[in-house]
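# Topology and contacts: notes
Each chain is listed here by its residues.
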Amino acid sequence: MTAIILDRALRACCDTFLHGHGPITPRLWMERMLAMPEIDLAGDEYNAGPGIDLLQGQVADLLGKPSALFFHKAVVGQQAVLFAHRERTGRRLVAVHPKSHIAVDESDAVERLSDIRLVRIGPDDAPFTLADLQGVKEPLATVVVELPLRNAGFRAPAWEELVAISTWCRGQGIAFHLDGARLWETQPFYGRSLADIAALADSLYVSLYKGLGAPGGALIAGETAFLDMLKPWRSRMGGNLYTAFPYVLGGLYGLRHFLPRMAGYHTYATALAEALSTRDAPWAADRVMCNSFRLVWPVSASALAAALERTAREQGVWCFGRIIPLPVRDHCFTEMVVGEATLAHGVDTLADRFAALLASARG
């Protein structure tokens, strides 16, 4: 279904934000960077420099991996991983979920740029299981699990299932890669250290710009020899930026200021979902498995969009910018992402506001 995107010019007129960290303007990014001690480090050039070294070292340490490698974009980083495993194994099949980033959000990039073929497994609305994986009879080069599966409602496999998939892959000689776009945000749900989660995988990707709030950027973590195989692919796909210091400094800022607060974001998200269940309000579609979840609204997407626009215009409050219709008549959903802006509001206050927004949408 086609999403409705609200006018961002309307967001610029608001002074109260309920979603994520709120808008991060270029001025705010620059102010954060200028206040960081790393601002005086020598600049990076073509993915080399003390700032990038520091960022890669910190992420490798957090994930318990020997090395981490900076990429300006996750699409490039994860394709490099798949290309390297294709070279290493001679196999071209990669198991992914049909709603994963790699399968639906990258314009078929990996299959158009190589002879790699994606094997889409699992139900449409939940992560795939070991049983689904064992049903694939062709030899696989790589298995990719996205944590959490954003397009299925930010859902993550149970820890036992994740361990079972990892164990099976290693027994079969198949590389196991974690698409950890929101790994920082999912760690509190598992209640295990980042290193414990990362230890299940041969390689994994983490984002700098989602929960960590950087202007962009990503890292791939894994064995040093394997990451060395990715460097030529990074160059081939235009990843050797002359300088990436805004991404690097933004990532270091996020690790220092936002990462320690991820457990609090998850706790708030869980409490908000519970508070909404006691009201005539939108409801959480699934168990909350990170700082984000789907809110289901029993009104049409157009009616909710009109109510959101009125709230922004008349009250200066920005709630959501994207509404997705559901196949059920007069139902739609938004994505609730808890961040610094959200924590400025009490859970009950926010639940009451969403209940009022639903009433407004109903007219």
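Basis of the calculations
- Residues numbered from 1 in each chain as written.
- Predicted model: local features only at pLDDT ≥ 70, side-chain atom pairs only at ≥ 80, totals over all residues.
- Heavy atoms only, no water.
- Buried < 20%, exposed > 50% of the residue type's maximum accessible area, 1.4 Å probe, protein only.
- Helix = DSSP H or I, 4+ residues; strand = E, 2+ residues; numbered from the N terminus.
- Pairing = 2+ DSSP bridges.
- Axes fitted to C-alpha atoms, helices over the stretch in contact; angles between N-to-C directions.
- Left-handed = near helix turned anticlockwise from the far one by under 90°.
- Contact = heavy atoms within 4.5 Å.
- Nonpolar A, V, L, I, M, F, W, Y, C, P; charged D, E, K, R; others polar.

## Comments concerning the pairing of strand 4 (residues 93-96)
As a general feature of sheets, a regular strand has side chains that alternate between the two faces. Side-chain alternation along strand 4 places Leu-93 and Ala-95 on one buried face and Val-94 and Val-96 on a second face that is also buried. As judged from the four bridges shared by strand 4 and strand 5 (residues 117-120), these two strands associate in the parallel manner. Bridging across to strand 5, Leu-93 finds its partner in Arg-117. Pairing between strand 4 and strand 6 (residues 142-146): two bridges, direction parallel. Directly across from Ala-95, in strand 6, lies its bridge partner Val-143.

## Details of the packing of helix 3 (residues 50-63) against helix 12 (residues 245-257)
Contact geometry for helix 3 and helix 12: axes closest at 9 Å, N-to-C directions at 35°. Classified by chirality, the crossing of helix 12 by helix 3 is left-handed. Of helix 12, the residues touching helix 3 (which contributes Gly-51, Ile-52, Leu-54, Leu-55, Gln-58, Val-59 and Leu-62) are Val-248, Gly-251, Leu-252 and Leu-255. When its residues are assigned to classes, the contact of helix 3 with helix 12 shows eight nonpolar, three polar and no charged.

## Some details on the pairing of strand 3 (residues 67-71)
Across the five residues of strand 3, five count as buried, placing the element largely inside the fold. By the alternation rule, side chains of strand 3 split into Ser-67, Leu-69 and Phe-71 and Ala-68 and Phe-70, which are all buried. Strand direction decides the pairing type here: strand 3 and strand 9 (residues 218-222), joined by five bridges, are antiparallel. Paired with Ala-68 across the two strands is Ala-221, which belongs to strand 9.

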